[in-house]
Amino acid sequence: MDNKRYGHFDDQHREYVITDPKTPWPWINYLGNEDFFSLISNTAGGYSFYKDAKFRRITRYRYNNVPMDNGGRYFYINDNGTVWNPGWKPCKTPLDFYECRHGMSYTRITGRKNGVEASVLFFVPLKTWAEVQKLTLTNQSKEVKKLKLFSFEEWCLWNAATDMENFQRNFSTGEVEIEGSTIYHKTEYRERRNHYAYYHVNTEIQGYDTDRETFVGLYNEFANPDAVMEGKPRNSHAHGWSPIASHYIEVELQPGESRDLIFLLGYVENEQDKKFAAPQVINKDKAHATIEKLNTTEKVDKAFAELCQYWDALLNIYKVHTGNDKLDRMVNIWNQYQCMVTFNFSRSASFFESGVGRGMGFRDSNQDLVGFVHQIPPRARQRIIDIASTQFPDGGCYHQYQPLTKRGNNDIGGGFNDDPCWLIFGTVAYIKETGDFSILDEMVPFDNQPGSEVTLFEHLKVSMDHVIKNLGPHMLPLIGRADWNDCLNLNCFSWDPNESFQTTENKSEGSKAESLMIAGLFVVTAKEYVELCKKLSENSKNSEYSEEAKRMQVAIDAMIAAVKKDGWDGEWYLRAYDFFGNKIGSHECEEAKIFIESQGWCTMAQIGAEDGMVAKALDSCKKYLECEHGMVLNNPAFTKYIYEYGEISSYPEGYKENAGIFCHNNPWVIIGECIAGRGNDAWSHYAKILPSYVEEKYQTLHKVEPYVNCQMVAGKDAAKPGEGKNSWLTGTAAWMWLTVSQYILGVKPQYDGLQIDPCLPTTAKEYTIQRKFRDAEYTITVKNPDGKESGVKQMIVDGKPIDGNIIPYSAGKHAVEVTM
Ligand code: BGC
């Protein structure tokens, strides 16, 4: 590994600073917190969309193209024949200085060339359907500079999927309008669309272009558009083909002079009867109103300050000071930031997810909200209701739904038998954080059908029932289409390469395929459900709840007994039984003798702890799954396709679900370690996949963004172990957060208060946490003078010792001292 570095953390500003534009992979950031979103790379590549990356794509982006990261918001500066961009791309003219600062929902890219500095601040103001691009041009030279500036955005024809395929239609539909310094994109507005987009600049322009071919030239590239190279806009008006938006502005700067230009990329929806101002002319009122709000430097600076305050408030809810910068910056900044992004985007749009294929996952969203619920509980609440509304009456679930319509996605359908349990997982986390039991009384439909509404509590009940009504021959949960591991397809049997494993007919009739991962997940979530029922019975004095708690306890006991009887392999938990009832993940198997998922969930569930099973399983993870970069999913990897197992064996050794380090599930084992009180082991697993701890490795080996977790790092059996892929949108974010905030640092929301139960490496001596919780604010100091791994010896709340380790909830400020 060489020592090349592309950037560093700036904790004070909560930024990652990239100093070389040629990062080993585009290092991106996300703009926007609700409704209007953008992806932006360190060279200003990326795109914007409204709510749904598939159905409301505003600007065009080319995935997997040559060169990499093609398409974005580009500013071209023609300085007396030298043409360059502040973000280096697309011209790639060598710069005298380059810097990209990715911050909390904003990115600032600065370039300098021949005495001119161009610095662009990109962000989406709160509650605004527009991306601001504040460009500051400064003449740092001793001469007068006469610059020819061209902006550039390329419109997507709204549906990102058909935009890439239906050219026989697309090349004829494009329409724009130009009014002053604003270019409007109104393709399909004449018919069923009630939305348009616009690109504005707050100054007079000296020209424009809206037709791509005219601007770029048919045989040119983004790197050398005709109009820019000649320094002459064409004032083109797009009719079909590929509409774009480019402003042309002549800027004269005296030595030392600086000038701001505010560009605005916006989106508007109009009511049906207010669509047009005149025949063929769109109603621009809402665009004008947004422009008016953001047309000066002062207004934009104020909007930016509001965004920064918004993040200050969010990140003030849970703050740790350990004195270890690497840990503190992940806990206080980047892990929480990534949780917000995964909550917003699920798995839809990143530089690895095209925004076309996948909506919001049922299980994914429930996990994501657990990482986010402390930040903005009302949004988590709404998400729970949206998710539950896509459930079927028997407790089964649509695997995904579209964020725009909030309807279940028929292409993928349902049948993933772990899905129902996650609804308990998400809902309980919400109630424990907020104390808001009223969510359980919300009337929520099945499959969005009006008239089918029952309480949310009823949804939880059918979720649990779905598991216990679908048990196999060993009384373990039937796996259905798949469990958490989408690629363990035990009822697919596909020899047809044109079939997708995820959507092909599920031949589960007569199947004996059972999942130990669901068994563990069920025990963990059903215990939560029992605790909830007991709490409800206590609150309401309604004996139905205590009966329900008893009923489910019987199911839990039966599941534990089934795992101990038929789910234990001697040194670890089995992974599954296949269609025919053969073991998967056993020492008897030829390959993939051990899997991580069942070790994680069955140890979290503490199944057989009294018989030493938990400790043995955790030791087996260390022995067989752990490697230099984390724990692999299975070991050894499959070396051939196995018809009975499906997609998991389709991947080459060491990648993705076939023995990759699937970071999402490492925390399951780490939490298992914490529950077992093994702090040193928990910490060493955790630090291996903690981005700031392995930042150097990211620069050249992992290659993806060093400030967030990626879904997968190639495992020990891979051709290139250590390569990272699928950054940003991964359940790893929420699970890393849960691991560190609740299990390692040990601050756990409970119904009646905050429980303090740290699990630490013996080297950890002291730390302080600021935690806002409902209407209270706690300052918690944990001291570990004897280097213990777990166990709280004494807790003092506001000067008084308390029994147990739960701080009873009461509003106001409290000081808590904990001794291990
Ligand atoms: C999916 C998850 C799934 C995981 C493992 C991810 O890409 O979003 O739902 O659990 O892969 O297959």
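Conventions and cut-offs
Residues numbered from 1 in each chain as written. Predicted model: local features only at pLDDT ≥ 70, side-chain atom pairs only at ≥ 80, totals over all residues. Heavy atoms only, no water. Pairing = 2+ DSSP bridges. Helix = DSSP H or I, 4+ residues; strand = E, 2+ residues; numbered from the N terminus. Axes fitted to C-alpha atoms, helices over the stretch in contact; angles between N-to-C directions. Core = buried A, V, L, I, M, F, W, Y, C linked by side-chain atoms within 4.5 Å. Buried < 20%, exposed > 50% of the residue type's maximum accessible area, 1.4 Å probe, protein only. Contact = heavy atoms within 4.5 Å.

A. A look at the sheet that holds strand β37 (residues 747–750). With antiparallel pairing, three strands are arranged side by side in an open sheet as β37-β38-β43. Because the sheet does not close on itself, it has two edges, and the strands there are β37 and β43 (806–808). This sheet shows a mean twist of 30 degrees between the axes of neighbouring strands, independent of strand direction.

B. Seen up close, the nonpolar core. Formed by 235 residues in total, the largest nonpolar core has its most connected members in L137, F522 and I780. Per element, the largest residue contribution to this core is 14 residues, and it comes from helix α11 (residues 516–540). Residues contacting L137, with those up to four places away along its chain left out, are I77, E117, A118, L147, L149, V251, L253, E257, S258, R259 and L261. Among the nonpolar cores identified, the runner-up in size contains 13 residues, and Y74, F215, V216 and F222 belong to it.

C. Representation of the sheet that holds strand β29 (residues 583–584) within the structure. Spatially, three strands are ordered β27-β28-β29 in an open sheet, and the strand pairing comes out antiparallel. Sheet topology places β27 (514–515) and β29 at the edges, where each strand pairs with a single neighbour. Summarising the sheet, β27 and strand β28 (residues 576–577) pair through two bridges and their orientation is antiparallel. Paired with E514 across the strands is Y577, a residue of β28.

D. Main features of the pairing of strand β2 (residues 15–18). Neither face of β2 is exposed, since E15 and V17 on one face and Y16 and I18 on the opposite face are all buried. Of the pairings in the sheet, the one linking strand β1 (residues 7–10) to β2 comprises four bridges and is antiparallel in character. In the sheet register, D10 faces β2, and the bridge partner there is E15. Between β1 and the antiparallel strand that follows it, β2, lie four residues; R14 among them carries a positive phi value of about 55 degrees. Pairing of β2 with strand β9 (residues 97–103) involves three bridges; the strand directions are antiparallel. The residue of β9 that forms the bridge with I18 is C100.

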